Amino acid sequence: MTAVSGVRAAPATLQQWWVLSVRLIVPAVKSGDILNMVFAPIVFTISFYIPLNRLMSFAGTGFSSYAQFMAPIVILQAGSFAAISAAFRAATDAVSGLDRRFDAMPMHPLVPTAARMSGNVFRLLVALTAALVATHAIGFRFHGGPLHTVGFVALGLLIGIAFCFGADVIGTAAKSPEATTQLLVLPPLILGMLSTGLAPASQFPDWVEPFVRNQPVSQWAYGLRALGGDSLGNAGAVTWSVMGPPLLWALAIIAVSLVCTIRLNTRRS
């Protein structure tokens, strides 16, 4: 009879995930913390579009407007902002001992990570929405039809999930919110500047141009531009040769992060 009662007392995994997810999402909304995901993409758009618009329009990008060319990097930065928040949250749970308390409960070891990812995806959706509104305000428009528009949003979401998943692993392993946040600020900034997100590869020095063309941020930008389209027809075709690399980069990050997450949680358990 005691054994049966013990089994009934153990909460369902789905219910645990839901409770922990709500624990992360509701306070963020009530406290206004979610507004960071709204304002960060808007500030990024304003900060780069205003000073670069006239310069890049004069230099030439091959697109109908600089807004059409720049939109992908705003989407990618929105995912980066969500990832930094994800890493901070994972590191905070680790250093506060919350993960150890979860380990002592009758809970699947991956439930806390799944709940954090639910909160991360919620923040990511808010950030992507703000990014789309900001880019629309400066002149970005979809030219590829409904399926390409859905593909644009889906690819942006997939890349953002890859960012957040990787950041969650880094935060869990580092166990230092401050160090983790500082660590994740520089790579997106450096890779973003040394990419085709803000300027065509042809405008970089010859010695760095191969890196600029082939690094993941540029590949993601190429894929998003192809899906977004352009009135001049220079955004590229939606083919496997264009879409394959960005998809593989995102899926590879998710796969590696999943393996690392399983190992981290199994080892701790």
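Residues numbered from 1 in each chain as written. Predicted model: local features only at pLDDT ≥ 70, side-chain atom pairs only at ≥ 80, totals over all residues. Heavy atoms only, no water.

Participant: What is the right way to read the overall build of the protein from this model?
Facilitator: A count of helical and extended segments in the protein gives eleven helices and zero strands. Of the regular secondary structure in the protein, the N- to C-terminal order runs α-α-α-α-α-α-α-α-α-α-α. In terms of C-alpha radius of gyration, the protein reaches 20 Å, essentially the compact-globule figure of 18 Å for 269 residues. Taken over the C-alpha atoms alone, the protein extends approximately 75 × 35 × 35 Å along its principal axes. For the protein, the proportion of its 269 residues judged to be buried stands at 45%. A separation of at least 24 residues holds for 80% of the contacts in the protein among residues at least 6 apart in sequence. Total accessible area on the protein stands at roughly 13400 Å², and carbon and sulfur atoms take up 72% of it. Both charge centroids of the protein, one from 16 positive and one from 9 negative side chains, sit 8 Å from each other. (Helix = DSSP H or I, 4+ residues; strand = E, 2+ residues; numbered from the N terminus. Rg over C-alpha atoms; globule rule 2.2 N^0.38 Å. Buried < 20%, exposed > 50% of the residue type's maximum accessible area, 1.4 Å probe, protein only. Contact = heavy atoms within 4.5 Å. Areas by Shrake-Rupley, 256 points an atom, 1.4 Å probe, with all protein chains shown as cover. Lys, Arg positive; Asp, Glu negative; His and termini not counted. Charge placed at Lys NZ, Arg CZ, Asp CG, Glu CD.)

Participant: Would you take a moment to explain a nonpolar patch on the surface for this structure?
Facilitator: A cluster of nonpolar residues, L35, F39, I42, V43, I46 and I50, forms a patch on the protein surface that exposes about 550 Å² of accessible area. Position of I42 among the secondary structure elements: in helix α3 (residues 35-59). (Patch = residues over 30% accessible without salt bridge, like charges linked within 9 Å, V, L, I, M, F, W, Y side chains within 5 Å. Salt bridge = Lys/Arg side-chain N within 4 Å of Asp/Glu carboxyl O.)

Participant: Looking at this model, I keep getting lost on the environment of V185. Mind explaining?
Facilitator: Here V185 is to be found in helix α8 (residues 177-193). Overall, V185 belongs to the partly exposed group, its relative accessible area being 39%.

Participant: Would you explain the confidence of the model for the protein in this entry?
Facilitator: Atom-level detail of predicted coordinates should not be read off regions where pLDDT is low. Looking at the protein as a whole, the pLDDT averages 88, with 93% of positions reaching at least 70. Looking at the elements of the protein, mean pLDDT is at its lowest for helix α1 (residues 2-9), recorded as 40, and at its highest for helix α10 (residues 216-228), recorded as 97. Every residue in residues 1-10 is under pLDDT 50, and counting partners more than four places away or in other chains gives zero contacts. (pLDDT = per-residue confidence, 0-100.)

Participant: Explain the packing of helix α4 (residues 66-95) against α10 to me, please; I cannot follow it from the model alone.
Facilitator: Any two packed helices are characterised by how steeply their axes cross, that is the angle between the axes, and by the distance between the axes. Where α4 contacts α10, the two axes come as close as 9 Å, and the packing angle between them is 125°. Accordingly, the angle class assigned to the pair α4 and α10 is oblique. Of the two elements, α4 crosses α10, and the hand of that crossing is right-handed. Listed contacts from α10 to Q68, F69, P72, I73, I75 and L76 of α4 are V217, W220, A221, L224, R225 and G228. Among the residues forming the contact of α4 with α10, the class breakdown is nine nonpolar, two polar and one charged. (Axes fitted to C-alpha atoms, helices over the stretch in contact; angles between N-to-C directions. Parallel < 35°, antiparallel > 145°, perpendicular 65-115°, else oblique. Left-handed = near helix turned anticlockwise from the far one by under 90°. Nonpolar A, V, L, I, M, F, W, Y, C, P; charged D, E, K, R; others polar.)

Participant: Help me understand the side chain of T180, please; the structure alone is not making it clear to me.
Facilitator: Summarising the element assignment, T180 is placed in helix α8. Apart from residues no more than four positions distant in its own chain, T180 is found in contact with A87, A91, I170, G171 and A174.

Participant: Explanation requested: the side chain of S218 in the structure shown.
Facilitator: Along the chain, S218 falls in helix α10. In this structure S218 comes out as buried when scored by relative accessible area, which is 0%. Excluding residues that lie within four positions of it along the chain, S218 makes contacts with S195, T196, V212 and R213.

Participant: In this structure, what is going on with the state of the cysteines? I would like to understand it.
Facilitator: Here is the idea: a disulfide is a covalent bond, and it sits between the sulfur atoms of two cysteines. For the coordinates displayed, the defined rule picks out zero disulfides. For C164, which is in no disulfide, the shortest distance to another cysteine sulfur is to C260 and amounts to 16 Å. Residue C164 is classed as buried on the basis of its relative accessible area of 1%. (Disulfide = S-S within 2.5 Å.)

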